[in-house]
Amino acid sequence: MFERKIFQEMLQWKQHYAPNYALFLKGARRVGKTTLAEKLGKEAYRSHILIRFDQVDETIKDLFINSLRDLDTLFATLQFVYNTPLYQRESLIIFDEIQLFPPARQALKTLLEDGRYDYLETGSLAGITKKSKDILIPSEEYALDVLPMDFEEFTWAMNYDMVMPVIREHYQSKKPLGALHQGLMKAFREYILIGGMPQAVTAFSKGKDFGQADFAKQQIINLYKNDMEFQQEENSNYVSNFFDRIPSELSKHDKRYILSHVDPNARIRDYKGPIRWLDEAMIINIANNVDDPSAAFNLGIIDPSFKCYLMDTGLLVSLAFHDRPYLENDLYKAILLDRLQVNEGMVIENAVAQCLRANGHRAFFYVERDLKNKKISMEIDFLIRQKKKVIPLEVKSGRSGSILSLTRFKEKFGKRIGDAVVLHHGEIKKQDGIWFLPYYMASLL
């Protein structure tokens, strides 16, 4: 079982909030929610019961509808069926895939008021809103987002024990890494190709076989597509068509998602629901265009244009080449041999977006157009907030090292801007007041 940072937050919930709040682990399918839940049950409790609502029979479901006035019978039945004793204030009951049976979620209010045990829910948010329209959603939930493994967690899984300590040391000192740089880039290239889905990381860790990891990722993609096909909230064709188009849109120069590329007659009103479904399922990572950058980014979202990344870069790589075998995957070869060109820069920018999201940053970008010819005159790939300052980030995947947009951006917005950063293939350096950092340092921003 891999070490995950979120587990410490789960222990904090147990210590400070568990008597009054159920823990809700939400995230995409196959991101590791159930594994984390069981780990908590085994390591932090005397006993635990895992109720899997994708497998449970009607007898157990009926308990959460008709036995809430007789909790002694409810708990006695659970102990009998799962052959597990429950101990007051020392046991955890896990509701796995809670979105499949909303009445159990509604029952949490009564169960928490009873106070005998702690409760943990896992699930994807996709479909919860509409499926739960007839139930009362409990306010007594402590929600945590479970994301794919970040770069540091990946290095732990690979037993690359010194990678992140070295990166941190040089990030803080801003001293060049010298001969260490290529080794660190190799580790980051592996992370780009494998991503952070635990099944893919497990497959790769056993023998450093990219083919086995790609097979695991393809199975996850197939699972997602199956979910898209059978979900009942939105037009399934719209959801899957939007999803399939993501690599193509990211391969463009400006990487903005243009709906007319999916269908010449596509309208944003038709795709708002499908985009929301994918976003709530935590499969995609949407970046919004900010019109007036400030410390409160949400207030500056006016332009409807957006970028759409996958939450996991490893899945993006597999989705981009899902129609051909791993050994014929030119993108794998380009990244492994350190021959990445501009047109494959989509994976680098997606990886940066993933690193930023892992650090708590929602994705925002900035575009300014010349009013006369409508051409882009200034473009910033990412904006993040550090304290009260806006930090503009540019991602350079090719040989171009132009910092013209960053320079103009700093001049235009003045004191509200902090250090400007270029993430690039090369070493740490400072040029014209702008920091150039290696890609892997995105994990520390």
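So, how was this worked out
- Residues numbered from 1 in each chain as written.
- Predicted model: local features only at pLDDT ≥ 70, side-chain atom pairs only at ≥ 80, totals over all residues.
- Heavy atoms only, no water.
- Bend = angle between axes of the 7 residues up to and from the residue.
- Helix = DSSP H or I, 4+ residues; strand = E, 2+ residues; numbered from the N terminus.
- Buried < 20%, exposed > 50% of the residue type's maximum accessible area, 1.4 Å probe, protein only.
- Pairing = 2+ DSSP bridges.
- Right-handed = clockwise from strand over helix to strand, strands pointing away.
- Phe/Tyr/Trp six-rings, centres within 6.5 Å; stacked < 30°, edge-to-face > 60°.

A. Helix H5 (residues 102-114), seen in detail. A bend of about 35° at Leu108 is the largest found in H5. Those residues of H5 not exposed but buried are Pro102, Ala104, Arg105, Ala107, Leu108, Leu111 and Leu112. Phi for Gly115, located one or two positions after H5, is positive at around 80°.

B. Just the pairing of strand S3 (residues 91-96), in detail. Taken across its 6 residues, S3 has 6 buried, putting it largely inside the fold. Burial along S3 is two-sided: Ser91, Ile93 and Phe95 and Leu92, Ile94 and Asp96, pointing in opposite directions, are all buried. Across 6 bridges, the pairing between strand S2 (residues 47-52) and S3 is parallel. If you follow Ser47 over to S3, its bridge partner there is Ser91. Both S3 and strand S4 (residues 118-123) contribute to a ladder of 4 bridges, which runs parallel. The residue bridging Ile94 from the neighbouring strand is Leu120, located in S4. Of the crossover connections in this fold, the one passing from S3 over H5 to the parallel S4 is right-handed.

C. Spotlight on the packing of aromatic side chains. If you walk through the whole model with that rule in mind, you get 22 aromatic pairs. Considering the side-chain rings of Tyr17 and Tyr21, the 6.5 Å spacing of their centres and the 80° angle between planes classify their relative orientation as edge-to-face. With relative accessibility at 36%, the residue Tyr17 sits in the partly exposed group. Pairing Phe242 with Tyr271 gives two aromatic rings, centres 6.4 Å apart and planes at 40°, and the pair type is tilted. On the criterion of sequence distance, the pair formed by Phe242 in helix H12 (residues 236-250) and Tyr271 in helix H13 (residues 268-280) is long-range, its members being 29 residues apart.

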